[in-house]
Amino acid sequence: MTTPRYFEDFTAGQELDLGSIEVSRDDIIEFATEFDPQDFHVSDEGGKASMLGGLAASGWHTASIVMRLLATNLFNKSSGRGSPGVSRLKWKHPVFPGDVLSASAQILDTKDLRSKPLLGMVFIKITAVNQNDTEVIEWENPVLFEKQEAGE
């Protein structure tokens, strides 16, 4: 196992690659059937009849896919202790079957917390693009990380 990332390991301007994943037609329909059963997410016909022009993933599915990459490739390898919420979320382009999403995190800022001296806040911007380098989603949120001395 690699050494986990602590609060001190993050600096403003830093870019972190979160990996990529392919989105399948079956995954789109399965997610939407359970969580967002709108016609353009659950059937090819519904997608074609919509302004999207074809079956498209729910925005919540897109966010969940990117969250998986974020958790697997950053949070689960760090001293992350959760987030107080998402500050901003934008769905920028539909995700279609066969799209390959690649995600990254940009560190916007860091802040020591006087009220919790063993933790720091890292402000991150998450983006994902498809195989054509078209941005599909973007969000910003603060995340709590333990400081190095807390993990020793």
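Okay, the overall build of the protein next. Summing up its helical and strand segments, the protein has 5 helices and 5 strands in all. Reading the secondary structure of the protein in the N-to-C direction produces β-α-α-α-α-β-β-β-β-α. The principal-axis extent of the C-alpha atoms belonging to the protein is close to 55 × 25 × 25 Å. Out of the 152 residues in the protein, the part that is buried amounts to 41%. For the protein, the proportion of contacts with a sequence separation of at least 24, taken over those separated by at least 6, is 70%. When the accessible area of the protein is evaluated, it comes to approximately 8400 Å², of which 50% is carbon and sulfur surface. Between the averaged position of the 14 positive side-chain charges in the protein and that of its 23 negative side-chain charges there is a distance of 7 Å.

In space, the 5 strands of this open sheet follow the order 1-3-4-5-2, with antiparallel pairing throughout. Edge positions in the open sheet fall to strand 1 (15–22) and strand 2 (88–91), since each of these has one partner strand only. Pairs of neighbouring strands in the sheet enclose a mean axial angle of 25 degrees, with direction left out of account. Alignment of strand 1 against strand 3 (residues 100–112), held across 7 bridges, turns out to be antiparallel. Residue pairing in the sheet places Leu16 in a bridge with Ala105 of strand 3. Of the strands in this sheet, strand 1, strand 2, strand 3, strand 4 (119–129) and strand 5 (135–146) touch helix 4 (residues 59–73), which is tilted by about 45 degrees from strand 5.

For helix 4, built from 15 residues, the straight-helix expectation of 21 Å at 1.5 Å per residue is met to within 8% by its first-to-last C-alpha distance of 21 Å. Within helix 4, the full set of buried residues consists of Gly59, His61, Thr62, Ala63, Ile65, Val66, Leu69, Leu70 and Ala71. Where the residues of helix 4 are buried, they touch strand 1, helix 1 (25–35), strand 2, strand 3, strand 4 and strand 5.

This part covers the packing of aromatic side chains. Each aromatic ring pair is characterised by the separation of its centres together with the angle its planes make. In the structure shown here, the tally under the stated rule is 4 aromatic pairs. Summarising the aromatic geometry, the rings of Phe10 and Phe145 are spaced 4.6 Å apart at their centres and angled 40 degrees between planes, so their arrangement reads as tilted. Here Phe10, found in the segment before strand 1, pairs with Phe145, found in strand 5; they are 135 residues apart in sequence, far enough to count as distant. For the residue pair Phe10 and Phe145, the accessibility class agrees, reading buried in each case.

Take the environment of Ser64 next. For Ser64, the location among the structural elements is in helix 4. Spatially, the C-alpha atom of Ser64 lies 9.9 Å from that of Phe31, the residues being 33 residues apart in sequence.

All of the buried residues in helix 1 are Ile28, Ile29, Phe31 and Ala32. Down the axis, helix 1 shows its buried residues gathered within 170 degrees of arc, on one side only. Of the exposed residues in helix 1, the ones pointing more than 90 degrees away from its buried face are Asp26, Glu30, Thr33 and Glu34. Elements that come into contact with the buried residues of helix 1 comprise helix 2 (39–42) and helix 4.

A few words now on the side chain of His61. Within the secondary structure, His61 is located in helix 4. When sequence neighbours within four positions are dropped, the list of residues in contact with His61 reads Val23, Asp27, Ile28 and Phe31.

Once that is clear, we can look at unusual backbone geometry. Positive phi, normally seen in glycine, also occurs at Asp133, with a value near 65 degrees. Looking at the secondary structure, you find Asp133 in the loop between strand 4 and strand 5.

Rules and cut-offs
- Residues numbered from 1 in each chain as written.
- Predicted model: local features only at pLDDT ≥ 70, side-chain atom pairs only at ≥ 80, totals over all residues.
- Heavy atoms only, no water.
- Helix = DSSP H or I, 4+ residues; strand = E, 2+ residues; numbered from the N terminus.
- Buried < 20%, exposed > 50% of the residue type's maximum accessible area, 1.4 Å probe, protein only.
- Contact = heavy atoms within 4.5 Å.
- Areas by Shrake-Rupley, 256 points an atom, 1.4 Å probe, with all protein chains shown as cover.
- Lys, Arg positive; Asp, Glu negative; His and termini not counted.
- Charge placed at Lys NZ, Arg CZ, Asp CG, Glu CD.
- Pairing = 2+ DSSP bridges.
- Axes fitted to C-alpha atoms, helices over the stretch in contact; angles between N-to-C directions.
- Expected span 1.5 Å × (residues − 1).
- Phe/Tyr/Trp six-rings, centres within 6.5 Å; stacked < 30°, edge-to-face > 60°.
- Arc of directions from axis to C-beta.

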